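Structural overview
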Amino acid sequence: MKSVRVKIDLNLAFKYIAFFFTIVVLCIIALLVGELILHSAEVILRYGFSFFFGWNWDPKANIYGALPMIYGTLFTATLALLIAIPISIGIATFLTEIAPPKLREFLTTTIELIAAIPSVVIGLWAIFYLAPLIRDIIHPLFKPLSFIPFFSGETFGYCYLTATLVLVFMITPIMTSIFKEAFESVPKDLKDAMYALGATRYETIRHITIPFSRTAIFAGTILAYGRALGETLAVTMVIGNQPNITLSLFSPGYTLAAVIANEFIEATSRLHVAALIGMGLILFIISLIVNFVGVILLKRLKRW
């Protein structure tokens, strides 16, 4: 009887401890949102919706419009995601279905090491190698296509394209690791059954591996997108830090995280500080919306 009571008491204690920490996390999030709203209220009350949808950002003239930074954040993160998804699926497929065991182990370890590289190191690599590559080689190749908005204009190498490729380099290892784990969890019996029916490796991957792993693929995509939206240092070092709204990949731009990192220390006026905290609030809202939409879509995927 004593052992039963002790077990019941421990289960009850664990339940209350878990509930307590859940409340603590929710309180921390609520305090974070409250602080962001409180300290950005001055600029929001003064400019209203023009703070969120204004095109100009000039702290010297006390003009604060966040739209160029919102655009830069979404543009670079979305473009990086569109490039990284097929690359990650291809690498994960090669590692799980094609690569020999020794090569698979080596490549898996390499990918995990790349995922652990600090963003400042990736930023330095982009400054000394990627930006000159885009300025001297990639941009001249696309000059004949300058009539297309995506390839118009000149560049010094610090532009949307450089920042996008940096994000691709940062999120691809994360997505690849998640996709690889998902592909490895596909029941071998299902794949063997497809092979027994005469299916090729490509058909088995297309009709069994990827559909079976679609929930994990989507979850990994949302996780990587959140990482791309909030990346600060590496993007700040190579994006050019100019509040522009343009389709040109060779144009310099700005992101929400970059403007906070660049200007917060030098911000002297209360309005400027409030505007930067407002940027943090916008970034938080965007991340919240992305995760909320992701949760809804994940639930629908599970029903299918």
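As a convention, each chain's residues are numbered from 1 in the sequence order in which they are written. Since the coordinates come from a predicted model, pLDDT governs what is reported: local features require at least 70, and pairs of side-chain atoms require 80 or more to be given and counted, while whole-chain, interface and lining totals use all residues. The side-chain quantities take in all heavy atoms of the structure and omit both hydrogens and water.

Remarks on the pattern of salt bridges
Pairing is possible between side chains of opposite charge, provided their charged atoms come close. The condition is simple: Definition used for salt bridges: Asp or Glu carboxyl oxygen within 4 Å of a side-chain nitrogen of Lys or Arg. Secondary structure follows DSSP: runs of H or I at least 4 residues long count as helices, runs of E at least 2 residues long count as strands, and numbering of each begins at the N terminus. A 1.4 Å probe rolled over the protein chains alone gives each residue an accessible area, and that area as a share of the maximum for its type sets the label: buried under 20%, exposed over 50%, partly exposed in between.
By the definition in use, this model includes seven salt bridges. Between Lys188 and Asp192 there is a salt bridge; the shortest N-O distance is 3.0 Å. Note that Lys188 and Asp192 are positioned in helix α7 (residues 188-196) at a spacing of four residues, about one turn of the helix. Judged by relative accessible area, which is 35%, Asp192 ranks as partly exposed. Two residues, Arg227 and Glu231, come together in a salt bridge whose shortest N-O distance is 3.6 Å. In this structure Arg227 comes out as partly exposed when scored by relative accessible area, which is 30%. Residue Glu231 is classed as buried on the basis of its relative accessible area, which comes to 8%.

Some details on a nonpolar patch on the surface
Note the cut-off: Here the term patch refers to residues with relative accessible area over 30% and no salt bridge, with like charges joined within 9 Å and nonpolar side chains (Val, Leu, Ile, Met, Phe, Trp, Tyr) within 5 Å. Throughout, the Shrake-Rupley method with a 1.4 Å probe supplies accessible areas, and for residues the shown protein chains are the sole cover considered.
Side chains of Val120, Val121, Leu124, Trp125, Phe128, Tyr129, Phe169 and Leu233 sit close together on the surface and give an oily, nonpolar patch of about 760 Å² of accessible area. Looking at which element gives the most residues to the nonpolar patch, the answer is helix α5 (residues 119-141), with six residues. Counting through the fold element by element, Leu124 comes out in helix α5. Leu124 gets classed as partly exposed once you look at its relative accessible area, which sits at 41%.

Digging into helix α8 (residues 201-212)
We apply this condition: Helix span, as expected, comes to 1.5 Å for every residue beyond the first. Any two residues whose heavy atoms approach within 4.5 Å are treated as being in contact.
Between its first and last C-alpha, α8 extends 15 Å over twelve residues, near the 16 Å set by a 1.5 Å rise per residue. The secondary structure elements touched by the buried residues of α8 are α3 (67-98), α6 (160-184) and α7.

Considering the environment of Leu81
Mapped onto the fold, Leu81 is located in helix α3. Expressed as a C-alpha distance, the spacing of Leu81 and Ile37, which sit 44 residues apart in the sequence, is 30 Å. Those residues in contact with Leu81 that lie beyond four places of it in its chain are Ile171, Met175, Thr221, Ala224 and Tyr225.

What about the packing of α3 against helix α4 (residues 101-115)?
In helix packing, the relevant descriptors are the interaxial angle and the interaxial distance, both defined with respect to the helix axes. Applicable threshold: Geometry is summarised by axes, namely lines fitted to C-alpha atoms with helices restricted to the contacting stretch, and by angles between N-to-C directions that run from 0 to 180 degrees. Should the near helix be turned counterclockwise from the far one by less than a right angle, the crossing is left-handed, whereas a clockwise turn marks it as right-handed.
The N-to-C vectors of α3 and α4 enclose an angle of 145°; their axes lie 9 Å apart at closest approach. Between α3 and α4 the crossing geometry is left-handed. For the pair α3 and α4, the contacting residues are Ile91, Phe94, Leu95 and Thr96 in the first and Leu103, Arg104, Leu107, Thr108 and Ile111 in the second.

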